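# Residue-level structure breakdown
Chain by chain, the residues run as shown.
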Amino acid sequence: KIGVPENYNGIFPWYLAKLQNLPGNYTDLVLTGDDEGIFGVDAQFLYALQPLDREKQPSYSLQLQVSFRASVHRQSFTVEVCVIDKNDNVPTFIEESMRGSVQLGLLKIPFMQVEALDRDERNTVHADLRFSLMEQTPRIPSSQMFFIDSITGEVSLTEDASTLDPEMCGRYKLSVMVKDMAGKADAFFTTGIVTVEVTGNTWASPDPVRLQENLPGPYPIPISQVKWSGSQAEYSLEGEFPEMLFTISREGVIYLNAPLDRETQDQFQISIVVERPDGREIAKPVELRVMVGDANDNRPTFPQAQYHTVVKELAARTEILTVQAADNDDPKTDNVRIFYRLVGQIPESPRALFRVDRDSGVISVQADSMEGTAPQYTLTITAEDAKLNSSCTVVVTVQDENNNPPVFSQHEYGPFHIPEDAPVGTTVTAVLAGDADVRGGDSWQVDYRLESGNEEEVFTLVTDKQTNEVSLVLDFERESEYILVLSAQNPVALVRGRYGPASTATVSIYVDDVNEGPILSQSHYEVTVREGEEPGRVIATIRGYDPDSHPIYSLQGDTKKYFSIGKYSGELKTVQALDREENSTYTMEVIAVDGNSSLSASTLVTVQILDVNDNSPVLVGDYSWKYLCTPRWEDQALVLASRDSDGPQHGGRLNFSLRSDATVRRNWKLTPINTHTNLSLNIPYLAPEVYTVPFTISDSSSPPRSTFINLPTVCPCNVRGNCKMAAKQLQGMPTIQSAVGILLGTFAVITILIVVFVRLSYQNPNRPSKTNQERVPLKISI
């Protein structure tokens, strides 16, 4: 296969190509299939004798016969010569006279197509054509009303074409150009003239249609028609209406397919769309307006089924309520004209109490007064148009007004007698002022007041709001006779009339004398006394009151007779000094007795004894058998515990201290540990002996109370920590046995010490050095 460019204008023969892959032992080459004698073969080279034209013949198929030495057989090869295209042809329009027509209202879609041809090879840039619009004649009413697609050659209108008017200009000439080479500057081109005729169109919005609602049919009913007068078109409808309510035929006839309801929708705006069969819209949609005429098919309705209103009892010929019904029919017609009527009243008597205005629906009282009527009425009101009606109920409550004052059944009450000892809150009497207004309302309620006789506020009034009955309640007694003036009024003002004598009454009350018991000022007395106070001191005064006689006082519960009380004075005194350590609290009862009767009253008295520092601290426990080892044993000490019988204020923390003596402080050491103190040797060695260690135990009050105590015994100990001599009873803490044998013990101690020293001298002939003494452990024997 050999490619050869067309239109060669060089020297001939023109060698096209060397024939490759021929056998090496061939003897002869014969070329066939060239009827015009254009090609030849020379020494394996294929040549041409004239230029080739692709447009005349794009390719040549040649047969090459090859002969071989010593063989009668031949072998054939096919040589395909393809002529390569050059841009040697000018594009031309297919039609010399290009004509088209455009209808008014057409959108920017093609209404015609300009076609051109290029003889160069298709699908190459040589035949790639581009169209352009060079000029429009005439240029009215706009110079740019047409547009040509550069690739397809389709001609359409521009936005400026909305002003097309066939009466102004019915024909336009368009100068168009077609170029090959995709419109490059050096491409071949041709120009031509397109004549465009402007035609009118029947495509316009149809007249509005008025349809009566609820048309009887039969359906569908044609209601309008449109027509696109240009090319073939298809129609469709768009708008806010139920699907299939309106449809359009292929001929543009619009149908109504179901009855209309004006109250649901009183008009429709239907857009009619025209399209080509390929779905492209041809022109702007036109509008059809459908108006729905009213029929009297809606009854007037009230916004609520029941109304409530109130009319005052004394109201006369006054408006009380307006009811308004609505009719969904067309407000521009008589179908919505409504009339009102009062058709029922419960209870029926008395008649002619109310009326309703026929046109406005205003309900009013037409009686001179509602006084004495029923407390409530139910009215039935109807609303009617030309042929339909509906009804509602109106509940009218007659509001009571205060036109009746409260009236007492009698002008004077009493006299009433009450004992002088009547408790606070005692009800003296209950009276009632009746009111003829409606029970339970503000006009019926009564406010009672004591106008006079209660200046000292001895009595209070308690009103029962359910019955209007008022109770006269005693707060306290002071006088023997009370004359009270009681008035009764409503909490709201009287509408007519005024309060008179019938609304006041007099109440007489006498207080009868009763022997009353004494009353003590306090139910419980708290008294504090320091311990050790001198007897006869007044520690409290019990005060009592008896309006009839003087109370007599006595004590109960003082079993040890520590206290006394004045028979008439109520002065409580101590009979003897009190000791807090013996008892810190005394509780007794004081009895006050009426001198004229057995009536009495009592109160409790609690006496708290305040602590004073009247006890010295003492050691706790027996230390007569305890000892310390010498030489000193490490960590050996006597644990000393002490106590103070006073309270925490005076006997709280106790302090141990050695006597201010150089020898004592050198030999001994006190170490406080929590609430105890350790006594130990302060030096490594102390000669065995019964020692007295003078130290003081002081309490924490100011000034402190102190106790001087001596503790004994330092002795040599064996390896088990046992003392080798008897212990001596501690001074200051004698037992019964030691008190009896104290003299004999003195001689026994001397004898024991002599024996001990003799034995020590045999065991330790040499006195141990200070170093050896410190190595001997000290241990307390328990």
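From a predicted model like this one, the values you see are computed outputs, not experimental measurements. (Residues numbered from 1 in each chain as written. Predicted model: local features only at pLDDT ≥ 70, side-chain atom pairs only at ≥ 80, totals over all residues. Heavy atoms only, no water.)

### Comments concerning the overall build of the chain
Helix and strand counts for the chain stand at five helices and 56 strands. Across the 782 residues of the chain, 39% fall into the buried class. Long-range pairs, those at least 24 residues apart, make up 66% of the contacts in the chain between residues at least 6 apart in sequence. Counting every atom, the chain has about 43,800 Å² of accessible surface; 50% of that belongs to carbon and sulfur. (Helix = DSSP H or I, 4+ residues; strand = E, 2+ residues; numbered from the N terminus. Buried < 20%, exposed > 50% of the residue type's maximum accessible area, 1.4 Å probe, protein only. Contact = heavy atoms within 4.5 Å. Areas by Shrake-Rupley, 256 points an atom, 1.4 Å probe, with all protein chains shown as cover.)

### Details of the state of the cysteines
For the structure shown, the criterion picks out two disulfides. Note on cysteine connectivity: Cys629 is disulfide-linked to Cys717, with sulfurs 1.9 Å apart. Its S-S torsion of approximately -90° makes the covalent link between Cys629 and Cys717 left-handed. Of this pair, Cys629 sits in strand E49 (residues 628-629) while Cys717 sits in the loop between strand E56 (714-715) and helix H3 (736-740), placing them 88 residues apart in sequence. Paired through a disulfide, Cys715 and Cys723 show a sulfur-sulfur distance of 1.8 Å. For Cys715, a relative accessible area of 0% puts it in the buried group. Each bonded cysteine of the chain gets a number by its place in the sequence, and the pairs then read 1-3, 2-4. (Disulfide = S-S within 2.5 Å.)

### A short note on the nonpolar core
The tendency in soluble globular proteins is for nonpolar side chains to be buried side by side. Grouped together as the largest cluster of nonpolar side chains are 52 residues, with contacts concentrated most on Phe111, Trp203, Ile223, Trp228, Phe246, Phe268 and Ile272. Setting aside residues no more than four positions away along its own chain, Phe268 makes contact with Glu240, Phe241, Leu245, Phe246, Leu260, Leu288, Arg289, Val290 and Val292. Counting 25 residues, the second-largest nonpolar core is a separate cluster that includes Val311, Ile320, Val365 and Ala367. (Core = buried A, V, L, I, M, F, W, Y, C linked by side-chain atoms within 4.5 Å.)

### Description of the sheet that holds strand E23 (residues 286-293)
Taking strand neighbours across the sheet as the criterion, the four strands line up as E17-E23-E22-E19 in an open arrangement whose pairing is mixed. Two strands bound the open sheet, and with one partner strand each, they are strand E17 (209-212) and strand E19 (234-238). For this sheet, the mean angle separating the axes of adjacent strands, direction not counted, is 30°. Inspection of the sheet shows strand E22 (residues 267-275) paired to E23 by six bridges, in the antiparallel sense. Paired with Phe268 across the strands is Val290, a residue of E23. (Pairing = 2+ DSSP bridges. Axes fitted to C-alpha atoms, helices over the stretch in contact; angles between N-to-C directions.)

### Considering the packing of aromatic side chains
Scanning the model with the defined rule gives 18 aromatic pairs in all. Ring plane angle 10° and centroid distance 3.9 Å describe the contact between Tyr8 and Trp14, whose orientation is recorded as stacked. Ring centres of Phe246 and Phe268 lie 5.3 Å apart, and the angle between their planes is 65°; this geometry places the pair in the edge-to-face category. You can see Phe246 sitting in strand E20 (residues 246-248) and its partner Phe268 sitting in strand E22, a full 22 residues away along the chain. Both residues of the pair, Phe246 and Phe268, belong to the buried class. One aromatic cluster is present, built from ring pairs that chain together Tyr8, Phe12 and Trp14. (Phe/Tyr/Trp six-rings, centres within 6.5 Å; stacked < 30°, edge-to-face > 60°.)

### As for the environment of Lys560
Its place among the elements puts Lys560 in the loop between strand E43 (552-556) and strand E44 (563-565). Apart from residues lying up to four places away in sequence, Lys560 is in contact with Gln576 and Glu582.

### Focus on the sheet that holds strand E2 (residues 14-18)
Here we have three strands laid out as an open sheet, ordered E2-E5-E4, and antiparallel in their pairing. This sheet does not close on itself; its edge strands, each paired only once, are E2 and strand E4 (39-42). Direction aside, neighbouring strands of the sheet carry axes that sit 30° apart on average. Note: E2 against strand E5 (residues 45-48), four bridges, orientation antiparallel. Bridge assignment links Lys18 to a residue of E5, and that residue is Phe45.

### Quick word on the environment of Val693
Relative to the assigned elements, Val693 resides in strand E54 (residues 693-698). Residue Val693 is classed as buried on the basis of its relative accessible area, which comes to 0%. In sequence terms Val693 and Asn667 are 26 residues apart; their C-alpha atoms lie 9.3 Å from each other.

### Points about the pattern of salt bridges
If you walk through the whole model with that rule in mind, you get 15 salt bridges. When the shortest N-O distance is used, the salt bridge between Lys108 and Glu159 registers 3.5 Å. You can see Lys108 sitting in the loop between strand E9 (98-103) and strand E10 (112-113) and its partner Glu159 sitting in the loop between strand E14 (154-157) and strand E15 (171-179), a full 51 residues away along the chain. We note that Lys108, like Glu159, is exposed. Among the ionic pairs, Arg280 bridges to Asp278, the shortest N-O distance being 3.4 Å. Through salt bridges with shared partners, one network takes in Arg54, Glu55 and Asp85. (Salt bridge = Lys/Arg side-chain N within 4 Å of Asp/Glu carboxyl O.)

### What to know about the environment of Glu213
Assignment of secondary structure puts Glu213 in the loop between E17 and strand E18 (221-225). For Glu213, a relative accessible area of 2% gives the class buried. C-alpha separation for the pair Glu213 and Asp261, spaced 48 residues apart in sequence, amounts to 5.3 Å. Glu213 has contacts with Leu260, Asp261, Arg262, Glu263, Val292, Gly293, Asp294, Ala295 and Asp297, leaving out every residue within four places of it along the chain. A polar side-chain atom of Glu213 sits 2.9 Å from the main-chain amide nitrogen of Arg262. (Polar contact = N/O pair within 3.5 Å; in protein donor to acceptor, adjacent residues only side chain to side chain.)

### Some thoughts on the confidence of the model for the chain
Overall, the predicted model of the chain reaches an average pLDDT of 84, with 87% of residues at or above 70. Every residue in residues 727-746 scores below 50 in pLDDT, and together they form 26 contacts with partners more than four places removed in sequence or on other chains. Below pLDDT 50 for its whole length, residues 760-782 participates in 39 contacts with residues either more than four positions away or in separate chains. (pLDDT = per-residue confidence, 0-100.)

### Re unusual backbone geometry
Negative phi is the rule for most residues except glycine; trans is the rule for most peptide bonds. In this model, Thr137 is joined to Pro138 through a cis peptide bond whose omega is -5°. Note the cis peptide between Gly217 and Pro218, where omega equals 0°. Inspection of the secondary structure puts Pro218 in the loop between E17 and E18. With phi around 50°, Ala43 is a residue other than glycine that occupies positive phi space.

### Here's the deal with the side chain of Arg54
If you trace the backbone, Arg54 turns up in the loop between E5 and strand E6 (59-68). A polar contact of 3.3 Å, which involves the side chain of Arg54, links it to the side chain of Glu55. In this structure the side chain of Arg54 is engaged in a polar contact, spanning 3.0 Å, whose partner is the side chain of Asp85. Not counting chain neighbours up to four residues away, the residues in contact with Arg54 comprise Glu6, Val83, Ile84, Asp85, Arg119, Asp120 and Glu121.

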